[in-house]
Amino acid sequence: MSIKTEEISSLIKKQLANYQDQISVEETGTVTYVGDGVARADGLENAMAGELLEFENGVYGMAQNLESNDVGIVILGDDTQIREGDTVKRTGRIMEVPVGDALLGRVVDPLGRPIDGLGDISTDKTRPIERKAPGVMERKSVSQPLQTGIKVIDALVPIGRGQRELIIGDRKTGKTSIAIDTIINQKDQDMICIYVAIGQKESTVRSQVETLRKFGALDYTIVVSASASNPAPLLYIAPYAGAAMGEEFMFGGRDVLIIYDDLSKQADAYRELSLILRRPPGREAYPGDIFYTHSRLLERAARLSDDLGGGSMTALPVIQTQAGDVSAYIPTNVISITDGQIFLDADSFYAGQRPAIDAGTSVSRVGGDAQIKAMKKVSGTLRLDIASYNELAAFAQFGSDLDAATKARLDRGERTMEVLKQGLHAPQPVEQQVVTLYALAHNYLDDIPVDDVLRFESELATFMRSNHQDLYDSIKQSGQLPEGNELDKALDSFKEGFQTSDQKQDTQVAQN
Ligand SMILES: Nc1ncnc2c1ncn2[C@@H]1O[C@H](COP(=O)(O)OP(=O)(O)OP(=O)(O)O)[C@@H](O)[C@H]1O
Ligand SMILES: [Mg+2]
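Procedures and definitions
- Residues numbered from 1 in each chain as written.
- Chains lettered and ligands numbered in written order.
- Predicted model: local features only at pLDDT ≥ 70, side-chain atom pairs only at ≥ 80, totals over all residues.
- Heavy atoms only, no water.
- Helix = DSSP H or I, 4+ residues; strand = E, 2+ residues; numbered from the N terminus.
- Buried < 20%, exposed > 50% of the residue type's maximum accessible area, 1.4 Å probe, protein only.
- Contact = heavy atoms within 4.5 Å.
- Areas by Shrake-Rupley, 256 points an atom, 1.4 Å probe, with all protein chains shown as cover.
- Lys, Arg positive; Asp, Glu negative; His and termini not counted.
- Charge placed at Lys NZ, Arg CZ, Asp CG, Glu CD.
- Patch = residues over 30% accessible without salt bridge, like charges linked within 9 Å, V, L, I, M, F, W, Y side chains within 5 Å.
- Salt bridge = Lys/Arg side-chain N within 4 Å of Asp/Glu carboxyl O.
- Near = heavy atom within 4 Å.
- Polar contact = N/O pair within 3.5 Å; in protein donor to acceptor, adjacent residues only side chain to side chain.
- Nonpolar A, V, L, I, M, F, W, Y, C, P; charged D, E, K, R; others polar.
- Domains from an automatic or database assignment.
- Buried area = accessible area lost by both parts, 1.4 Å probe.
- Axes fitted to C-alpha atoms, helices over the stretch in contact; angles between N-to-C directions.
- Left-handed = near helix turned anticlockwise from the far one by under 90°.
- Expected span 1.5 Å × (residues − 1).
- Core = buried A, V, L, I, M, F, W, Y, C linked by side-chain atoms within 4.5 Å.
- Arc of directions from axis to C-beta.
- Parallel < 35°, antiparallel > 145°, perpendicular 65-115°, else oblique.

1. What to know about the overall build of the protein
A count of helices and strands for the protein gives 17 helices and 19 strands. Seen along its three principal axes, the alpha-carbon backbone of the protein occupies a region of about 120 × 55 × 50 Å. Here the protein holds 512 residues, and 51% of them are scored as buried. Of the contacts made within the protein by residues no fewer than 6 positions apart, 74% connect residues no fewer than 24 positions apart. When the accessible area of the protein is evaluated, it comes to approximately 24,300 Å², of which 49% is carbon and sulfur surface. Each charge class in the protein was averaged separately, 53 positive and 75 negative side chains, and the resulting centres sit 2 Å apart.

2. A short note on a nonpolar patch on the surface
Together, I3, I8, I12 and L16 make up a nonpolar patch on the protein surface, roughly 400 Å² of accessible area in all. By the element assignment, L16 lies in helix α1 (residues 5–22). On the basis of relative accessibility, which here comes to 58%, the residue L16 falls in the exposed class.

3. Section: the site of ligand 1
Taken together, 13 residues sit near ligand 1, with K172, K175, T176, S177 and Q422 positioned nearest. At 3.0 Å from an oxygen atom of ligand 1 is found a main-chain nitrogen or oxygen belonging to G174. About the coverage of ligand 1: the protein hides 70% of its 630 Å² of free accessible area. A total of three residues in the shell around ligand 1 trace back to one element, the largest contributor, which is helix α3 (residues 175–184). Split by residue class, the shell around ligand 1 holds three nonpolar, six polar and four charged.

4. Some thoughts on the domain arrangement of the protein
Along its sequence, the protein is organised into domain 1 (28–94), domain 2 (98–371) and domain 3 (378–511). Contacts between the two partners involve 15 residues from domain 1, matched on the other side by 11 residues from domain 2. Counting each side, the surface lost to burial between domain 1 and domain 2 is near 1,100 Å², with a carbon and sulfur contribution of 69%. For the domain 1 face of the interface with domain 2, the top three residues by lost area are Q64, N65 and L76, together amounting to 38%. In this structure, the connection of domain 1 to domain 2 is made through zero salt bridges.

5. What to know about the packing of helix α7 (residues 290–298) against helix α8 (residues 329–337)
Each pair of packed helices can be described by the angle between their axes along with the distance between the axes. In contact at an axis separation of 10 Å, α7 and α8 are set at 35 degrees when each is read in the N-to-C sense. Of the two possible hands of crossing, α7 and α8 adopt the one that is right-handed. Note on element contacts: α8 touches α7 through Y329, I330, N333, V334, S336 and I337, opposite I290, F291, H294, S295 and L298.

6. What to know about the environment of R83
Here R83 shows up in the loop between β5 (71–75) and β6 (87–94). Sequence separation between R83 and A39 is 44 residues, and the spatial gap between their C-alpha atoms is 9.3 Å. For R83, the contacting residues outside a window of four places in its chain are V31 and V34.

7. Some remarks on helix α11 (residues 382–396)
Because the α-helix completes a turn every 3.6 residues, residues three or four places apart line up on one side. The end-to-end C-alpha distance of α11 is 20 Å, a good match for the 21 Å that 15 residues give at a rise of 1.5 Å each. Among all positions of α11, only L382, I386, S388, Y389 and L392 are buried. In this fold, the buried residues of α11 make contact with α2 (151–156), α10 (373–379), α12 (404–419) and α13 (430–441).

8. Notes on the nonpolar core
I183, V434, L460 and M464 are the most contacted members of the largest nonpolar core, which has 71 residues in total. Tallying contributions element by element places α13 first for this core, with seven residues. Looking at this core, you find at least three residues from each of domain 2 (98–371) and domain 3 (378–511). If you look at the next biggest cluster of nonpolar residues, it comprises 60 residues, including V99, L111, I237 and V334.

9. Points about helix α14 (residues 453–467)
The first and last C-alpha atoms of α14 sit 21 Å apart over 15 residues, in line with the 21 Å expected at 1.5 Å per residue. Buried within α14 are the following residues: V453, F456, E457, L460, A461, F463 and M464. Projected down its long axis, α14 shows its buried positions confined to an angular sector of 165 degrees, all on one face.

10. Focus on unusual backbone geometry
Here the residue pair D261 and D262 is connected by a cis peptide bond, since its omega of -5 degrees sits within 30 degrees of zero. Examined against the element boundaries, D262 turns out to sit in the loop between β15 (255–261) and α6 (263–276). With an omega of -5 degrees, the peptide bond between R354 and P355 qualifies as cis. By the element assignment, P355 lies in the loop between α9 (346–350) and β19 (363–364). Even without a glycine there, the phi angle at K172 is positive, about 55 degrees.

11. Examining the side chain of T416
Examined against the element boundaries, T416 turns out to sit in helix α12. On the basis of relative accessible area, T416 is assigned to the buried category, the value being 2%. Setting aside residues no more than four positions away along its own chain, T416 makes contact with L382, I386 and L440.

12. A closer look at the packing of helix α5 (residues 232–250) against α7
Where α5 meets α7, the axes come as close as 10 Å, and the angle between the chain directions of the two elements is 15 degrees. Accordingly, the angle class assigned to the pair α5 and α7 is roughly parallel. The two elements α5 and α7 meet at a crossing, and its hand is left-handed. Where α5 abuts α7, its residues Y236, P239, Y240 and A243 lie against T293, R296 and L297. Residues belonging to the contact of α5 with α7 are distributed by class as follows: five nonpolar, one polar and one charged.

What follows is the structure in structure tokens.
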């Protein structure tokens, strides 16, 4: 067999042509410092901001400080096995998390790894945790309500889909409870919920997951948890990871509700890692870009235009204050980025006014457009009523002689405050809230003793469901109050049969 020289040379040429392709250039660097959850490495000249880096032992890190001679890396895992002189290599990828339906009903860490012991999550879709927020032209204005099921919120500080509403208050004032109850109320509303727990105790997160499971709310919820025992970098990235998971649904045309509980702890984690990375501290020792940390996160909440599928992501960030001080650095920052705030007042909480929402300082800047007409009508004067009641109540403490008009306003105020109380995990459908507030606004509660108001409310709801479901349905479907005096007739007939506690006692005495 003879071999042609041309063949040989063409083979060699082919080999040479392919040769370049087979080399993969992997850029590696060397760790020069490690400690407190951060590392520095040199030799990673081309690393990108936020790029995922892999250490020799498989632990991941994220490139943070890109300096002329080295790179500051936050370590997303155990830093005790990493030593000076170890190699660290670029992955060429920006930090990503798994996304998609497979995550629903699961509890994951900020890297999207399951921590609920229910096995692997099988999804091949991922999204970068940081993404530029939708621009002006990609958005639509907020027009659809997100019902929280909590009377005082839906009536006074209504939230629309795509809005950002801050929940702010001191420790233990019911912030998380509002968030959890809102998730519970999204059952059968075609809403995906994401609860991002940042820096909370594992036991607390566990009990919240159990609550969601008990009310059948876990099926449409993803819980992302970076607990207090996790290193600061994980707490820092948790909300971005949650937002990425939400965006997958939002860009798929779905409605999403995301809760960041809470961003104060995230800010603290970011301050910690910034100080260790030796970034210059600013006010309250937070780094200079702390505002951007929160603004770029909250801007990702949006109501998308029809061209983009019309999906939405509603964000409810939570901020903890110290002694009700809303003028501290982080609270003022976040108040200025959001479309309103729900302010929880510790004093009213301890006085038993729960949920302890302060009607004077709580506002919703866009949600009013989304509120249904019937609710707008019955809640119109609520805010003023409460304000004038609070003012009068302070006065009435001193004087005993009150004129009839003042007395009437005080009485109405007391009943209003009572009606706005609501227990835990008992969200109410909007039509039920409308009827209750209608009764209040149309003087049906004025002669009911304050202690009987909540019983009146719940018995009224039962009565309506069994005798006037049609009225409930019409409010729900049309968003309007029923025409004519149907509702008044129903309320009259209910009130005739309602017994106050005193009347009940009297009948008992008479029977004995
Ligand atoms: N509407 C309510 N009715 C009765 N109890 C409530 C209500 N809301 C909250 N609570 C109770 O108040 C306590 C504190 O509530 P929650 O954990 O929601 O507050 P928080 O502000 O999130 O607290 P933390 O500062 O620990 O995050 C809980 O024990 C909860 O059961
Ligand atoms: Mg809480």
